[in-house]
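Residues per chain, in single letters:
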Amino acid sequence: MRRPGGWWRVKSTPEKVETYTRWSFHFFGVIEILALGVTAYGRTGAGLATALCLLVTAHAAVCMLVSSRALDWTRGRRPQPVRPMWALVVVSAVVSITAVVIAERGPSGEVETAAGSVYGGVLCYAAGVITLGVHGRRRRVAVVGAFAVGAGLLTFPLEMPLLASVVLAGLVMVTGGFLAATSIFSLWLLNAVYALDDAKETRVRLAVAEERLRFGRDLHDVMGRNLAVIALKSELAVQLSRRGRPEAVEQMIEVQRIAQESQREVRDVVRGYREAALEVELAGARGVLSAAGIVSEVTGETAGLPAEVQSALGWVVREATTNVLRHGDAKKVAVTVRMSEGRVVLTVENDGVAETTGDGPPGGPGGAAGPGGSGLSGLRERLSAVDGTLEAGPVGKGVFRLTAEVPLPAAAAGAALGVAS
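The sections below set out a description of the structure shown in this document. Note that the coordinates shown come from a computational prediction; the quantities given were computed from them, not determined experimentally.

So, how was this worked out
Residues numbered from 1 in each chain as written. Predicted model: local features only at pLDDT ≥ 70, side-chain atom pairs only at ≥ 80, totals over all residues. Heavy atoms only, no water. Helix = DSSP H or I, 4+ residues; strand = E, 2+ residues; numbered from the N terminus. Buried < 20%, exposed > 50% of the residue type's maximum accessible area, 1.4 Å probe, protein only. Contact = heavy atoms within 4.5 Å. Areas by Shrake-Rupley, 256 points an atom, 1.4 Å probe, with all protein chains shown as cover. Core = buried A, V, L, I, M, F, W, Y, C linked by side-chain atoms within 4.5 Å. 1 Å grid on protein atoms, 1.4 Å probe; cavity = no way out; pocket = protein on both sides within 12 Å on 5 of 7 lines; lining within 4 Å. Points joined across faces, edges and corners; volume = space filled by probe spheres on them. Nonpolar A, V, L, I, M, F, W, Y, C, P; charged D, E, K, R; others polar. Phe/Tyr/Trp six-rings, centres within 6.5 Å; stacked < 30°, edge-to-face > 60°. Lys NZ or Arg CZ within 6 Å of the ring centre and 35° of its normal. Salt bridge = Lys/Arg side-chain N within 4 Å of Asp/Glu carboxyl O.

**What about the overall build of the protein?**
On a plain count of helices and strands, the protein comes out with 12 helices and 5 strands. By the burial criterion, 39% of the 421 residues in the protein qualify as buried. A sequence separation of at least 24 residues applies to 69% of the contacts in the protein between residues at least 6 apart. Total accessible area computed for the protein in this model is approximately 22600 Å², and 61% of it derives from carbon and sulfur atoms.

Okay, structure coming up:
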């Protein structure tokens, strides 16, 4: 069963910012209805106030639609909303002209104030929303300027003084420009958050690529030299064999020795690549988490632990750190290493769990698959080789804890306890 607010927790940070931005634009429409439509009831009769409120509500609905489509267009999910933007222009013109007619032919007094507020307000909101659907500073300034000029021209049927028309056009220019700048800044912030998230993913991929390059360089250093010697000695052995020289046998024996040595060196390289030292992994986790803006706390001693124990626990740290970066939204990660009754206990705890169903949080190790995912299965296999155990799961609101326990050999346990004391 999904908990209340689970729909929000399952979202990534960029998705949360996008949802906040989208609903902020919708909230602008609600403000338009309250500021222009609802306030008309206190300024004029119920009939005209209802008409003005309905006009404003229709205009706000179109603004919400255009802002949502423009946001999708900015993220590359939809084509540019040209038709909805023109529809907003038409609706804005209709509402403004209707407000002018009501102010000109309706009862004098407060109705003129109410209609005038609707007249200028819808043009300001429309100018701010339409700028979301265009690119380029000049085009956005042109949109706001066009609405300001239109606001001034539509006042002529009211026989307003020229100065008043200019002032009204200036107000539309300033207010519409402010709304446009606010909306554009929100889009810029959203794109920046997505760019930072992409950069984090790129950093993870670069780390993997760098490790592959390191492994490739190590293999090249080992095999390149030895294969060159093997090729040279094999060619020499062929020449000696053709001449019937007994030294050919010695050269082939040397080739066999170098080949066996190459096999041993390759195994050492692969073994070093597959093993993970706990101290190195803890330092690497601290650096990666800090680069991602996550506070990390590492406590405990790792000196004196057997190599196989360090390798198994090092993989736990590596897998947990990777999944915190990929699947969670953590602000803090705590790693603790302690000795308890001849066992090494490693605890990795983060506060970035996204609560979903009972299958397990994607913020924990194992990814979206939860405790049954391939990440935890692989860790359990590595720990089982040293008789270790692994437990993982949420321990509080938004907190995920992974605990790995590995028994120490008697001699190693005594040495480790001596170091800890």
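**Quick look at the nonpolar core**
Core analysis: the largest hydrophobic core is formed by 34 residues, its most contacted members being L88, V118, Y119, L123 and F147. At the level of elements, α3 (46-74), α4 (82-105), α5 (110-130), α6 (137-153) and α7 (162-242) are the ones that each hand at least two residues to this core. When residues of this core are assigned to their parent elements, the largest contribution, 12 residues, is made by α5. Beyond its immediate stretch of four places on either side in the chain, Y119 contacts S96, A99, V100, G150, A151, G152, L154, T155 and L168.

**Topic: empty space enclosed by the protein**
Tallied over the entire structure, the rule returns 1 cavity of 30 Å³ or more. Empty space within the largest cavity amounts to approximately 100 Å³. Taken together, 13 residues make up the lining of the largest cavity; nearest its centre are F25, F28, Y125, V129 and S183. Elements represented by at least two residues in the lining of the largest cavity include exactly α2 (13-37), α3, α5 and α7. For the lining of the largest cavity, the element with the highest residue contribution is α2, accounting for 4 residues. Here the residues of the lining of the largest cavity sort into 8 nonpolar, 4 polar and 1 charged.

**Considerations on unusual backbone geometry**
If you check the backbone angles, D387 has positive phi at about 60 degrees while not being a glycine. Here D387 shows up in the loop between α11 (374-384) and β4 (389-396). The exposure class assigned to D387 is exposed, which follows from its relative accessible area of 59%.

**Observations regarding the packing of aromatic side chains**
Under the defined criterion, the tally for this structure stands at 2 aromatic pairs. In this arrangement the basic side chain of R75 is found over the ring face of Y194, its NZ or CZ atom lying 3.8 Å from the centre. A cation over an aromatic ring shows up here: R318 above the ring of W315, its NZ or CZ 4.3 Å from the ring centre.

**Overview of the pattern of salt bridges**
Applying the stated criterion across every chain yields a total of 10 salt bridges. Across the pair R78 and D72 runs a salt bridge whose closest N-O atoms are separated by 3.1 Å. Judged by relative accessible area, R78 falls into the partly exposed class, the value being 39%. Here D72 falls in the buried class, since its relative accessible area comes to 11%. R343 serves as the salt-bridge partner of E405, at 3.1 Å between the closest nitrogen and oxygen. Of this pair, E405 sits in strand β5 (residues 399-407) while R343 sits in strand β3 (residues 343-350); the two residues are 62 residues apart in sequence, bridging distant segments of the chain. Taking the relative accessible area as the measure of exposure, E405 reaches 26% and is therefore partly exposed. Residues participating in the shared-partner salt-bridge network are E18, R22, D72, R77 and R78.

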